[in-house]
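Examination of the molecular architecture
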Amino acid sequence: MIKIRLFVLMGVFVIPAMLASSAIGQDVYCETAMSQLKEASSQYKNSRREERKAFQNWDQYYKELHSFTYEATDQPLAVSAEKCKQGDGLGKAFCKGAIQKYDEISAKEAAAKVELDAAKAKTAEARHSYNYLVNQADEQGCNKKK
């Protein structure tokens with residue numbers, strides 16, 4: 001009988017102490033998780049901003065090559081340069097200028113495309129990291145609105 005009372009008495013004090021200790025540990029974990037989430041969110045936003053800048057840079061060159069008309073023609077520079085390379089251009093001087101301009105802009109466009117692809121990859125990685133941390137916090141029962 002004494003053993004049962006002692007066991008019940010220990011249960012009354014020990015279990016709440018263990019639960020309180022667990023809650024404190026959970027709070028510390030959640031505080032850390034929320035801090036990591038905030039940092040990951042910031043990194044993702046910065047990556048998106050950099051990706052937008054890289055896209056605008058690439059888009060500028062792409063439009064110069066494919067969207068805007070070149071000189072007095074009603075065709076984009078890429079079409080004019082291609083025609084010149086095939087011998088269907090508007091003359092020797094025109095073709096020399098069109099091909100030179102095309103080569104200059106296409107080199108910049110290619111470099112901008114590499115930069116854009118790298119920015120997209122960085123953004124995807126940042127988004128993946130953020131999603132992972134959100135899932136971890138949710139699994140641990142952390143409230144994202146803290």
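Residues numbered from 1 in each chain as written. Predicted model: local features only at pLDDT ≥ 70, side-chain atom pairs only at ≥ 80, totals over all residues. Heavy atoms only, no water.

Details of the side chain of S80
- With respect to the helices, strands and loops of the structure, S80 is situated in helix α2 (residues 77–85).
- Excluding anything up to four places from it in sequence, S80 contacts Y70, T73, Q75 and F94. (Helix = DSSP H or I, 4+ residues; strand = E, 2+ residues; numbered from the N terminus. Contact = heavy atoms within 4.5 Å.)

Some remarks on the state of the cysteines
- On inspection of all chains with the given rule, the structure shows 2 disulfides.
- The disulfide that involves C30 links it to C142, with 2.0 Å between the sulfurs. Judged by the torsion about the S-S bond (-85°), the C30/C142 disulfide is left-handed. Placement of the pair is C30 in helix α1 (residues 2–66) and C142 in the segment after α3 (92–139), with a sequence separation of 112 residues.
- Looking at C30, the relative accessible area reads 2%, which means it is buried.
- A sulfur-sulfur distance of 2.2 Å marks the disulfide that ties C84 to C95. With the S-S dihedral at roughly -75°, the linkage between C84 and C95 falls on the left-handed side. Of the two residues, C84 is situated in helix α2 and C95 in helix α3; the sequence distance between them amounts to 11 residues. There is no split in this pair, since C84 and C95 are both buried.
- Numbered in order of appearance, the disulfide-bonded cysteines of the protein chain are paired 1-4, 2-3. (Disulfide = S-S within 2.5 Å. Buried < 20%, exposed > 50% of the residue type's maximum accessible area, 1.4 Å probe, protein only.)

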